[in-house]
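# Structure assessment
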Amino acid sequence: MESKEIKFTTIGLSLLVFAISLTENALVVNYNNEIKTASSLEYLFIGSIAFMGGGLLEEIIWLANPLCLLAIILLIKNNEKAVLWSLIASGLAISFSFWNEILGAESGTMAKIVSLELGYYLWLASILILTIGILIHYKVSLKTTLQA
């Protein structure tokens, strides 16, 4: 597979898995002894303003989304910094799996994470697909350059 094909397959597959993740639930939380299910789409929209409700750490995790977008743009422009930004996004996304609780309300009350759902795992997979694809793309590009 050529470098260009790897690039566009990576972007397409990553975006497809991301889009599918938005149709699924992301988390199940226990907030004030009530079990609540949260959709991935909900977290996509509220994540960008989480800091306004006191969710600084939640905001930092949410930054994985724009970092992936930045990595895609840099990949299209053949800028090697795509590797760095996708690795940071992967680290942020993976780190969320170690959380035990999340901000449950603007009052600062925390909600215990009962389980991570398919939406989270698909979101994580989309980021990992992007990161691995970028790494493969640059490995193939380097190999092609060295052979020329």
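Fair warning: this is a prediction, and the values are worked out from it, not measured in the lab.

### Observations concerning the overall build of the protein chain
- A count of helices and strands for the protein chain gives 6 helices and 4 strands.
- Along the chain direction, N to C, the helices and strands of the protein chain fall in the order α-β-β-α-α-α-α-β-β-α.
- Principal-axis analysis of the C-alpha atoms gives the protein chain an extent of 65 × 25 × 20 Å.
- Taking all 148 residues of the protein chain together, 39% fall into the buried category.
- Counting contacts in the protein chain only where the partners sit at least 6 residues apart, residues at least 24 apart contribute 66% of the total.

### Focus: the packing of aromatic side chains
- As enumerated under the stated definition, the model contains 4 aromatic pairs in all.
- When the ring of F96 is compared with that of Y120, the centres are 5.8 Å apart and the planes differ by 50°; the resulting orientation is tilted. Here Y120 lies in helix α6 (residues 118-147) and F96 lies in helix α5 (residues 81-96), a separation of 24 residues in the sequence.
- For F96, a relative accessible area of 7% corresponds to the buried category.
- A connected cluster of aromatic rings, assembled from ring pairs, spans F96, W99, Y120, Y121 and W123.

### A few points about the pairing of strand β4 (residues 110-116)
- Both strand β1 (residues 25-31) and β4 contribute to a ladder of 4 bridges, which runs antiparallel. Counterpart to N30 in the pairing with β4 is K112.
- Linkage of strand β3 (residues 101-103) to β4, two consecutive antiparallel strands, is achieved through a turn of 6 residues, within which G108 is found at a positive phi near 95°.

### Some details on a nonpolar patch on the surface
- A grouping of L41, F45, I46 and I49 is seen on the molecular surface, where their side chains present a nonpolar patch of about 370 Å² in accessible area.
- Along the chain, L41 turns up in helix α2 (residues 40-47).

### Describing the nonpolar core
- Ranked by internal contacts, the top residues of the largest apolar core, which has 31 residues, are L27, F96, I102, I113, W123, I127 and I134.
- For this core, the secondary-structure elements that each account for two or more residues are β1, α4 (64-76), α5, β4 and α6.
- In contact with I113, not counting residues within four places along its chain, are L27, V28, V29, F96, W99, N100, E101 and I102.

### Notes on the layout of surface pockets
- Approximately 170 Å³ is the volume attributed to the second largest pocket.
- In this structure, the second largest pocket is lined by S14, L15, F18, N65, P66, C68, L69, I72, W123, S126, I127 and L130.
- Those elements that provide at least two residues to the lining of the second largest pocket are α1 (3-21), α4 and α6.
- Broken down by element, the lining of the second largest pocket gets its largest block of residues, 5 residues, from α4.
- Classifying every residue of the lining of the second largest pocket gives 9 nonpolar, 3 polar and no charged.

### With respect to the pairing of strand β2 (residues 34-39)
- Pairing geometry for β1 and β2, over 6 bridges, is antiparallel. Bridging from a neighbouring strand, V28 pairs with T37 of β2.
- The turn linking β1 back onto β2 is made up of 2 residues, and N32 within it adopts a positive phi angle of 55°.

### Some thoughts on the sheet that holds β4
- The strand order across the open sheet formed by 4 strands is β2-β1-β4-β3, and the pairing between neighbours is antiparallel. Edge positions in the sheet fall to β2 and β3, since each has one partner strand and no second. Along the sheet, successive strands turn relative to each other by an average axial angle of 40°, direction set aside.
- Here β3 pairs with β4 via 3 bridges, running antiparallel. Each residue of the ladder has a partner; that of E101, found in β4, is K112.
- The sheet strands contacting α2 are β1, β2 and β3, and the helix crosses β2 at an angle near 80°.

Reading the values: rules and limits
Residues numbered from 1 in each chain as written. Predicted model: local features only at pLDDT ≥ 70, side-chain atom pairs only at ≥ 80, totals over all residues. Heavy atoms only, no water. Helix = DSSP H or I, 4+ residues; strand = E, 2+ residues; numbered from the N terminus. Buried < 20%, exposed > 50% of the residue type's maximum accessible area, 1.4 Å probe, protein only. Contact = heavy atoms within 4.5 Å. Phe/Tyr/Trp six-rings, centres within 6.5 Å; stacked < 30°, edge-to-face > 60°. Pairing = 2+ DSSP bridges. Patch = residues over 30% accessible without salt bridge, like charges linked within 9 Å, V, L, I, M, F, W, Y side chains within 5 Å. Areas by Shrake-Rupley, 256 points an atom, 1.4 Å probe, with all protein chains shown as cover. Salt bridge = Lys/Arg side-chain N within 4 Å of Asp/Glu carboxyl O. Core = buried A, V, L, I, M, F, W, Y, C linked by side-chain atoms within 4.5 Å. 1 Å grid on protein atoms, 1.4 Å probe; cavity = no way out; pocket = protein on both sides within 12 Å on 5 of 7 lines; lining within 4 Å. Points joined across faces, edges and corners; volume = space filled by probe spheres on them. Nonpolar A, V, L, I, M, F, W, Y, C, P; charged D, E, K, R; others polar. Axes fitted to C-alpha atoms, helices over the stretch in contact; angles between N-to-C directions.

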